[in-house]
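So the chains spell out like this:
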Amino acid sequence: MFAYIVRRLIAVIVMLLVVILVTFGIFFAVPKLTGTDPATLFVGKQADPAAIEGIRQKLGLSDPIFVQFWHFVSGIFAGRDYTSDGDVVHCAAPCFGYSFRTEQAIWPVLQDRLPVTMQLAAGACVLWLLGGVATGILSALKRGTAVDRSAMTIALAGVSLPIYFTGLVSLAIFSYGLGWVKGDYTPIADDPLVWFREMILPWVTLAFLYAAMYARLTRATMLEILGEDYIRTARAKGLREPVVIGKHALRSTMTPILTILGLDLGAVLGGAVLTETTFNLPGLGQAAVKAISDKDLPLILGVTLIAASAVVIANLVVDLLYAVIDPRVRLT
């Protein structure tokens, strides 16, 4: 088990380095492909060439590409020096650069928005995992019945309907119509009860999409597993049906569930763009949308790195859970 964990950690480190390299390349490739100078974005198109060149020197854009990459990588982990009012200031925290629009460090912006996205992802993940898996198991056990057909019809609707549609419908009914929620984000530290009440709609809206996919996958996998020889053997031994389903069938069903869970959870942690925009949640997804509209490349870069790191780390956790569920994985 220890050797398995070491191999996976090495793979994660290599993958994160590749992500940093690719993201850095895109950061410099996009301006060249679009004919846009990052320094021009920083000061505006009406600035004189001397001001643009001064910004290029300040941001280090005139340095060789390898020097810029070193400053970029070291800044992520150890902070970096920057010039403020003629004085050199060291940013000890991780630094993804400085916004072209506000000239503020990117990392504090990400720190403020990341907890909102994590709260959204955690709550929705619990709902879609419990609801989707339970619905899939019930449909498999009630195959061909009205319960099965109804559950799969709802799951098909959940997969087909876009989040912004279900989000707007839920807002129209429960916020504007019934007035149960205001549709505004309240920090959990200010009022936990109001925070919980206002987060229910985003959780349910986001979970509805993913729960539908998990229900369909769980049903298909469970139907296949229930026909295996070891399930028939367990029943022939006289084991109770809850034991057969919970201990034997469900354990095998969780392998594909964990696979997509790592991808989905990592993607949501990178910013649920549509959900955060629909419900006006100040998370990473909303920050990414604003950064794209403002052409704020450093902020786009920071959100991209956070999202990619979340996917990689979530898949590492899934790999470790694989080894717990199925010991054969440790030998691979």
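Counting starts from 1 at the beginning of each chain's written sequence and moves along it residue by residue. In keeping with the predicted nature of the model, local features appear solely for residues at pLDDT of at least 70, side-chain atom pairs appear and are counted solely at 80 or more, and the whole-chain, interface and lining totals rest on all residues. Side-chain measures were taken over the full set of non-hydrogen atoms in the model, leaving aside hydrogen atoms and water.

Draft legend 1. Here's a closer look at the overall build of the protein chain. Under the scheme used here, helices are H or I runs from DSSP no shorter than 4 residues and strands are E runs no shorter than 2 residues, and both carry numbers assigned from the N terminus. In terms of helices and strands, the protein chain carries 13 helices and two strands. Partly exposed describes any residue whose relative accessible area lies between the buried limit of under 20% and the exposed limit of over 50%, with all areas from a 1.4 Å probe on protein chains only and scaled to the type maximum. Every one of the 332 residues in the protein chain was classed for burial, and the buried ones make up 39%. Entry remark: accessible area of the protein chain is about 17,900 Å², with carbon and sulfur atoms responsible for 68%. Reported accessibility uses the Shrake-Rupley method at a 1.4 Å probe radius. Residues are deemed covered only where the shown protein chains occlude them.

Draft legend 2. Representation of the pattern of salt bridges. Any carboxyl oxygen of Asp or Glu that lies within 4 Å of a side-chain nitrogen of Lys or Arg is treated as forming a salt bridge with it. For the structure shown, the criterion picks out three salt bridges. The partner of Glu-198 in a salt bridge is Arg-197, with the nearest N and O atoms 4.0 Å apart. Note on Glu-198: relative accessible area 7%, which makes it buried. Between Arg-232 and Asp-229 there is a salt bridge whose closest N-O contact spans 2.2 Å. One end of the pair, Arg-232, and the other, Asp-229, are both in helix H9 (residues 229-236), three residues apart, so they sit about a helical turn from each other.

Draft legend 3. Structural view of the confidence of the model for the protein chain. Put simply, the protein chain has an average pLDDT of 77, and 80% of its residues get 70 or more. Each residue carries a pLDDT score, the predictor's confidence in it, ranging from 0 to 100. Mean pLDDT values over the elements of the protein chain span from 51, in strand S2 (residues 87-91), up to 87, in helix H5 (residues 106-141). Across residues 84-89, confidence stays below pLDDT 50; counting only partners more than four residues off in sequence or on other chains, it has seven contacts. In this analysis, two residues are considered to be in contact whenever any of their non-hydrogen atoms come within 4.5 Å of each other.

Draft legend 4. Looking closely at the side chain of Thr-275. Positionally, Thr-275 belongs in helix H11 (residues 273-278). Once you skip the residues sitting within four places of it in the chain, Thr-275 turns out to touch Leu-120, Ile-163, Pro-202 and Leu-206.

Draft legend 5. Main features of the packing of H5 against helix H10 (residues 241-269). Lines fitted to C-alpha atoms define the axes, with helix axes restricted to the stretch in contact, and inter-axis angles between N-to-C directions lie between 0 and 180 degrees. Interaxial distance between H5 and H10 falls to 11 Å at its minimum, and their mutual angle equals 150°. By the angle class used here, H5 and H10 are roughly antiparallel. As H5 packs across H10, the resulting crossing turns out to be right-handed. For the pair formed by H5 and H10, the contact residues are Leu-114, Thr-117, Met-118, Ala-121, Cys-125, Trp-128, Leu-129, Val-133, Ile-137 and Leu-141 on the first element and Ile-245, Leu-250, Ile-257, Leu-261, Asp-264, Leu-265, Val-268 and Leu-269 on the second. In the scheme used here, Gly and all other residues not listed as nonpolar or charged are polar, with Ala, Val, Leu, Ile, Met, Phe, Trp, Tyr, Cys and Pro taken as nonpolar and Asp, Glu, Lys and Arg as charged. Here the residues of the contact of H5 with H10 are counted per class, giving 16 nonpolar, one polar and one charged. Just so you know how the angles are binned, under 35 degrees is roughly parallel, over 145 roughly antiparallel, 65 to 115 roughly perpendicular, and the rest oblique. Less than a right angle of anticlockwise turn of the near helix away from the far helix marks a crossing as left-handed, whereas a clockwise turn marks it as right-handed.

Draft legend 6. Main features of H5. In this model H5 runs 51 Å from its N-terminal to its C-terminal C-alpha over 36 residues, within 8% of the 52 Å that 1.5 Å per residue would give. Note that bend, as reported per residue, equals the angle between axes fitted to the 7 residues terminating at that residue and the 7 residues originating from it. The sharpest bend along H5 comes to roughly 30°, located at Arg-113, with the proline Pro-115 sitting one to four residues further on. Here the expected span of a helix is defined as 1.5 Å times the quantity of residues minus one.

Draft legend 7. Main features of H10. The largest bend along H10 measures about 45° and falls at Leu-250. Buried within H10 are the following residues: Val-244, Ile-245, Ala-249, Thr-253, Ile-257, Leu-258, Leu-261, Gly-262, Asp-264, Gly-266 and Val-268.

Draft legend 8. Local environment of a nonpolar patch on the surface. Patch membership needs two things, relative accessible area over 30% and no salt bridge, and members are linked within 9 Å if like-charged or within 5 Å if nonpolar (Val, Leu, Ile, Met, Phe, Trp, Tyr). A contiguous nonpolar surface patch, about 800 Å² in accessible area, is contributed by Leu-161, Tyr-164, Phe-165, Val-169, Ile-173, Phe-174, Leu-178, Val-273, Leu-274 and Val-289. For the nonpolar patch, the element with the most residues is helix H7 (residues 163-177), which contributes five residues. Tracing the backbone shows Leu-274 in helix H11. Judged by relative accessible area, which is 43%, Leu-274 ranks as partly exposed.

Draft legend 9. Quick peek at the environment of Ile-231. By the element assignment, Ile-231 lies in helix H9. With 18 residues separating them in the primary sequence, Ile-231 and Ala-249 have C-alpha atoms 7.1 Å apart. Residues within four places of Ile-231 in sequence aside, it is in contact with Ile-225, Leu-226, Val-244, His-248 and Ala-249.

Draft legend 10. Broad picture of unusual backbone geometry. If you check the backbone angles, Asn-280 has positive phi at about 55° while not being a glycine. Look at Asn-280 and you get partly exposed, because its relative accessible area is 46%.

Draft legend 11. Spotlight on the packing of H7 against helix H8 (residues 192-226). For the pair H7 and H8, the least separation of the axes is 10 Å and the interaxial angle reads 145°. H7 and H8 meet at a crossing whose hand is right-handed. Across from Ile-163, Thr-166, Gly-167, Ser-170, Leu-171 and Phe-174 in H7, the residues of H8 making contact are Leu-201, Thr-205, Leu-206, Phe-208 and Leu-209. Broken down by class, the residue content of the contact of H7 with H8 amounts to seven nonpolar, four polar and no charged.

Draft legend 12. The arrangement of the environment of Val-19 in detail. Relative to the helices and strands, Val-19 resides in helix H1 (residues 2-34). Leave out the neighbours within four places in its chain, and Val-19 touches Leu-305 and Ala-308.

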